[in-house]
Structures are given as C-alpha cells and as structure tokens.
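Structural overview for review
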Amino acid sequence: MAAVNSLARPRRARRPANRRPGRRPERMWAYLMVAPMTIGLSVFYLWPIAQTFYFSFTRSGPFGGHTWIGTANYRALVDEPSVFQSVANTLFYAVVQLAGIPLAVLLAALLNQRGLRGRSIYRLVYFLPVVTMPVAVAMLWRWMYNGDYGLINQLLSVVGIQGPHWASDPSVALYAVAAIGIWMALGYNMVIFLAGLQGIPTMYYEAAAMDGAGPARMFFRITVPLLSPSIFFATVLTVINSLQMFDLAYMMMSTPGAAAGTANPALPRVRTVSYLFYQKAFVEHDLGFGAAVAFVLLGFILAMTLIQFRLQRRWVHYA
Amino acid sequence: MCSKSGTPSEGRRRGARLGSWVAISGLLLGVAACGTDDPSGGKIELTYRIWDKNQQPAMQQIADRFQAAHPNIHVTIQLTANQEYWTKLQGDATGGSAPDVFWMNGPHAQLYASNGMLLPLSDQLKADGVDLGNYPSALTAIYSYQGKQYGIPKDFDTVGLWYNKKLFDAAKLTYPDDTWTWETVAAAARKLTDASKGVYGILAPPFNQENFYNTVFQAGGYVISPDGKSSGYDQPATISGLKFWTDLMKAGVSPSVKSMTDTYPAQLFESGKFGMYYAGSWNAIEFSKNDTIKNDVDVAVLPQGTKRAVVIHGLANVVYAKTKHPQEATQFAEFLGSKEAAEIQAKTGAVIPAFNGTQEAWVSSMPQFHLRSFLDELPYAVPFPASKNTDAWMTKEAAILGPAWSGDKDVAAAAKELATAMNTALREEQ
C-alpha cells in the first residue's frame, strides 16, 4: 500500500508539478508562435488604423506635419456633395455585385455535374478574369464599351439599336462598371462554391432521386441549404471587396493619354468611396480629409459585415 | 522602412507617419513605395528619377557624359511609371529618401518648393555662371517661387493648330496661318463639318492645356491671379475664352464630350475625319508615325483672340532639399540643363529641349510638318497656371466645366461655380 501510495503520490504530484513549471515556457512558445502574425498585424494594420484615426482629426500637410482641427474634416465631409454621391455609388455597386452570387452558384452547380465534357476548360474560362490584371480588363472593356466604335454597339447596330456611350454616359456608366465587376468576381465565387459542392455527400441526391425529386427541387432543397456556409462566406467577401472597389472605377474613368485635370463626364456617378479617398488624399493632398473618408468607409464595412453576421443565423445551415 | 537618416527617434517618428500612409494606401489600393538605396563605395552616388521610358536612353547618355567629366560621381537613373510617380515621390520626400535629382512639372513645382522639399538653386547658378536667359522666360518662371529659382528647365511644349489638309482641300478652304482668328476657326469648322459622312470641323474637348487655357489667355483673361490667391474664372474675359469652345460644341462642329472621352481626341484626329485639332508639340512624333494621316496633316500657330497667347509647359530638373550631396547634385542638374544635354535630347525628337538655339534639331527631325510654329509662339507664351496645390482646383476644372461643354449647364454659371470652388481651394493652401 505504502509502496503503491508512494508510487502513486509522486506520480499524481508530478503531473501537476510538471505542468506548472512547464506552463510558462509552453505559453511562451505559444506567444512566440503567434508573434510574427501579431507583430505584423499590429505594425502594418492596427497601428496605421490608429494613426489614420488620429490624422482624420488633423489637417495634414502633403509632406507630414499636422495640426489638430477636431472634427472639422468630418463636418466638411457632411457638407461635401461628392461624399454622398460616392457613398450612394458604392452601396449601389455592392448591391449589384451581390446579384452575381446566385449566378455563380448556378454556374458552379452546372459545372459540377458529373460527366460534363470540357469541365476544366469551362473552369479556366470563368476563372481567367480573376487572375487577369484589372488594368488589362479595364482596357478591354473600354474598347468594347466605346460608344462609337465599340464591339457592343456594333453588335447592337446590327439589330437596329443605337447603344449608349457605356463608359462615359453618366446614366449608364455605373451599371456598365458593375457588370464588369460581376464578370471579374464570378470565377472566384465559383471556385468557393465548387469546393462547397464537393463537400455535399452524394447520398442526399440519391435519396432525393429515389423519392422522385427533380433537378430543380434538388438544387433548392439540397444544394442551396448545404452550400449556405459557402454562400455566406462569398457574400461577406463580395460586400467587403465591393465597398473597397477602386481599381476598376479608376481605370474605367481615366482617359489614357489625357493630361491631368481631364475627367470623364460620368465620373461623379461612378466614383466610389475609395476613389474619393485616393483623390482627396493623394491627388488633392488633403490627407486629413482623406483619412476621414477612409474611416467612413471602414465604418460602412464594419456595419455591413456585422449586419451580415447577424442575418446569417436565419439562413445559414452548418451541417 | 524608408527612413534611414536622422536620430533614431526622429527616424522612427518619420517612418511611422510615412508607414501609416503607405499602409492605408496599401490596404485600399495595394500601393507600397519605398525609396533609394544607400550610397556605398568610394564614389559619390547620385540618384536621378524620371518617368518617361522613351527618354531613358537619352537621359542615360547625358548621365554618362556627366560621369566622364566627373569621375568621382556615379549617377543611377530610376524609372518610375508616370501614374505612380507623384505618389511615390511624395512618400519618399516625406520619409527623407527622395532621389537627389528628379523631374518636376508645373502643377507640382510650388507644392514642393513651398514645403521646403527643393533646394533653392539661385546662388549656386550664379556662382557657376549658369544663365537662365538661355531658356524661354515663361518656362523659367514656372520654377521660380518667391524670387528663388528651384528648377532648371529641361524641355517644353506649346500648343498649335493641327489641321487635316485633305479635308481643307475638299472644302476648298485655305490652310490656317498666322492671320487666323477665332472667327476664322469657327467659320472653317462649320464648313468642314459634314455630319452625314461623320466628318467634323474641329475637336473641342474640355481639356485645359490644349484648349481652354489658350483661349482664356487669348481673350485677355487669366486662370489664377498673379499673387496666386484668387481664381480668374469669374472674370468676363476668362469666361469668353471658355465660351469659344462651348459655342463650337453648341454649333455641332465637334463630336460630343462622350465620344471624345471614349476615344482620345488624338486618336480621333488620326482617323482623318476631323478638320482641326488644338494639340501639343508632343503629338508631332505620334502623327508622323500614323499611316492614315502622316502625309495629310500640318500645324500652324494658334489663331488669335483679342490677342495672341499660348500656354507653355515644360519639365525642369530639381534638386532634393535633403540631398547628402547638394553641390554634386546641383552640378548634375546644371549639366542636365546644359546645351550639350539639350542637343542629346533634341536628336530623339521626343521633346523640345528648353535650351534656346538647340530646338532646330527638333524642328528638322520631322521636316514634313511646320514644327517651327511651336517656336514662333514663344514670344507670347504664358506659363502654365499653377499654385501651391494646383491639383486641388485642377480636378475641379474638369468636373465643373464638363457640363457646360455637354450643354447641360450655362458656361458663365459653370465658370462662376468653378471660381467659388477654386477660391476655397486657394484659401486652404495659404
């Protein structure tokens, strides 16, 4: 007994004893492991965010140097009509981009059918715009959208329709740019959905087929609910990316070869919040105002993402 | 990151501030910019930043000549794409690591000079016997701020009236010459226009340097007051300079603003269906290579309004205020502005060198065009308008005047709106 006890006690004692002195090094290792990420995030994201927040309350010179001006930038922001228009443009763009998600789900489901010929070619074709430089994409589309010589209007004229100047008519340009956005994001979303689809066990479909369900019913009753986590993920990303949209608008609105100070007549109706930020901070050298614009954008993205996470409880099914 | 000079705390502070801007831009735009390498070795290392790839060989040739004459100095040329040149330069200048010598343009000259980013050259130029009278005076003026010279002119460009001889012949019109006035242009534009054939008399885009700045000055107006404190867009003369263009738009002798946005006017002109085009000396090389129009077009001096005027713009070589080698950098900038360097530039035909007397090589580089027109305009050339923060109001020009061009807004009302916006911007930069 004593022997057993003496054996057992130290053993029982040893375990916590081992853990206690070992805890600190273990924790240290843990910290060490996450340190690169944490330091990187703090230095390159958190600290700049804090600084930007501070700068949004200052008047900053183009070469550093700033004076505290309180909320003047935010008050100027409310008075500036281009801010409202840009926010409206950006929200509209984001909403239109969401319309691309059902399209991507549908295409992914079609591409996922077994026995489909040329499957990898289709996947390549849809994914190509994702990996193409936005600059190249914009150049291509500018050419197609050209009101006088563009491919689209040439085709429309065959059936007797006089198409608009897609990229320079203020009333259609935002739709035209949004269409490119959908086209560009389609491939990326499809990859997410294809991965999600492959995670759905085939037995559900087999069982449904035995019960006499058609393809449409299977799509809406099995595919969509089981894909909902992927759809949610894609939705959140799409909204964040859309709210940040800059390059496409910039490229579509700038005139290649034109001198400074030339603007596309459609610019006010296409300018996104990021574009406005760029223009204010880096073209007009009003860094404080730019910082305020960036914070408004951050606020919007946070709010939209929070709303989406709230809403997900209603429709996302985690299997 | 980018900063490397100064005390550690100073460096850190500067680095952090710059870092934050770089990182925000990185977050949103995917831009990151960091500057020059540390000089090393026994030689004095100078960096020279330019944005035009086409001019790099000529710049390298000039740098080689300079190095041959100064064996203790080594010059490295940095090429930065035009689109990111100013963003990058601003970041580098803030972080204290801008190149020793770099290209400067009119809209940014006062911004950099007034913020103490450029080395004043006046004293050194005097000591080295460099005569600024060797350059067109309107050009030198662009790089002078508060009585000090900050840049040595490199090249310049003026605007001329390009015309399509074929269309003029078909309409039985005489070619433009120095007797032409605004009325002659308008009348010719009407005669040349044949909408059924898609032929237009003139291209009248709402561009500042090529178009309305010239006519504003020709009408006796101004864009910005000489003291740089107020806008001239509410002046009747300035407005009549704008009205010249909006009247042409109204008369239907030019394609729409939308058409000229979708297809750049120079490209439209190259299709051979447009009679006249106010375009720069920089367009000559492109037109000379275009098979459709190279034998059909020529250029004349700008028609006059109430007086003769043309806007002149050009680049200058400037020296960074915080350069480690102010003397050597200034020497290099002086050499870049020398006659020898100008002759190297002239041969390429890409730009008109600023050094007076060296422009002949450029004129004779394309004998099929009457390129002398661009030089004939020099006596009445007006400097490209600029202030400390030119971009702040220049972006408004296009945005506010655009609707007047498309006919959605009265030109006088748009000009007055622009004057108010520009005055606000000018007040803010004081």
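Here the structure is a predicted model, which means the values were calculated and not measured.

Quick notes on the rules
Residues numbered from 1 in each chain as written. Chains lettered and ligands numbered in written order. Predicted model: local features only at pLDDT ≥ 70, side-chain atom pairs only at ≥ 80, totals over all residues. Pairing = 2+ DSSP bridges. Helix = DSSP H or I, 4+ residues; strand = E, 2+ residues; numbered from the N terminus. Axes fitted to C-alpha atoms, helices over the stretch in contact; angles between N-to-C directions. Buried ≥ 20, exposed ≤ 12 C-beta atoms within 10 Å, placed from the backbone. Domains from an automatic or database assignment. Contact = placed C-beta atoms within 7 Å. Nonpolar A, V, L, I, M, F, W, Y, C, P; charged D, E, K, R; others polar. Expected span 1.5 Å × (residues − 1). Arc of directions from axis to C-beta. Parallel < 35°, antiparallel > 145°, perpendicular 65-115°, else oblique. Left-handed = near helix turned anticlockwise from the far one by under 90°.

Some points on the sheet that holds strand β3 (residues 101–104) of chain B
Residue and element names in this part refer to chain B. Taken in spatial order, the five strands line up as β2-β1-β3-β13-β6 in an open sheet, and their pairing is mixed. Where the open sheet ends on each side, the last strands, each with one partner, are β2 (73–79) and β6 (151–153). The sheet shows a mean angle of 25° between the axes of neighbouring strands, direction not considered. By the bridge criterion, two bridges tie strand β1 (residues 44–50) to β3 in an arrangement that is parallel. The residue bridging Tyr48 from the neighbouring strand is Val101, located in β3.

Some points on helix α9 (residues 208–218) of chain B
Residue and element names in this part refer to chain B. Extensive coverage of α9 is indicated by the burial of eleven of its eleven residues. Taken residue by residue, α9 has Asn208, Gln209, Glu210, Asn211, Phe212, Tyr213, Asn214, Thr215, Val216, Phe217 and Gln218 as its buried positions. Remark: Gly220 follows α9 within two positions and exhibits a positive phi of approximately 90°.

Description of the domain arrangement of chain B
All names here are of chain B. The domain boundaries assigned to chain B delineate domain 1 (19–156 + 313–363) and domain 2 (159–312 + 389–429). Summarising the inter-unit geometry, the C-alpha centres of domain 1 and domain 2 are found 31 Å apart. Taken together, the contact pairs eleven residues of domain 1 with nine residues of domain 2. Secondary structure elements with two or more residues in the side of domain 1 that touches domain 2: α4 (106–114) and α6 (137–142). Here the residues of the side of domain 1 that touches domain 2 sort into eight nonpolar, three polar and no charged.

Thoughts on helix α3 (residues 81–98) of chain A
Residues and elements named next belong to chain A. With 18 residues, α3 extends 26 Å between its outermost C-alpha atoms, agreeing within 8% with the 26 Å of an ideal straight helix rising 1.5 Å per residue. Turning to α3, its buried residues are Val83, Ser86, Asn89, Thr90, Tyr93, Ala94 and Gln97. End-on, the buried residues of α3 take up no more than an arc of 130°, which puts them together on one face. Exposed residues on α3 whose side chains face more than 90 degrees from its buried face are Pro81, Phe84 and Val95.

A few points about the packing of helix α4 (residues 100–111) of chain A against helix α8 (residues 173–198) of chain A
All names here are of chain A. At a minimum axis separation of 8 Å, α4 and α8 run at an interaxial angle of 50°. Between α4 and α8, the angle falls in the class oblique. The handedness of the crossing between α4 and α8 comes out as right-handed. Packed against α4, whose contacting residues are Gly100, Ile101, Leu103, Ala104, Val105, Leu107, Ala108, Ala109 and Leu111, the element α8 presents Ile182, Ala185, Leu186, Asn189, Met190, Phe193, Leu194 and Leu197 at the interface. Looking at the contact of α4 with α8 residue by residue, the class counts come to 15 nonpolar, two polar and no charged.

Focus: the environment of Ser373 of chain B
All names here are of chain B. On the secondary structure map, Ser373 appears in helix α17 (residues 372–376). A tally of 24 C-beta atoms within 10 Å means that Ser373 is categorised as buried. A C-alpha to C-alpha distance of 25 Å links Ser373 and Ser240, two positions 133 residues apart in sequence. Those residues within four positions of Ser373 in sequence are excluded, and the remaining contacts are Gly160, Val299, Ala300 and Val301.

Digging into the sheet that holds strand β11 (residues 297–300) of chain B
All names here are of chain B. If you walk across this open sheet you meet the four strands as β9-β10-β8-β11, and the pairing is mixed. Two strands in the sheet have a free side with no partner beyond their single neighbour: β9 (200–203) and β11. For this sheet the average axis-to-axis angle between neighbouring strands, irrespective of direction, equals 20°. Relative to strand β10 (residues 274–280), strand β8 (residues 159–164) runs antiparallel, the two sharing five bridges. Paired with Val159 across the bridge in β10 is Gly280. Most of the contacts of α9 go to β10, to which it runs at about 90°, and overall it touches β8 and β10.

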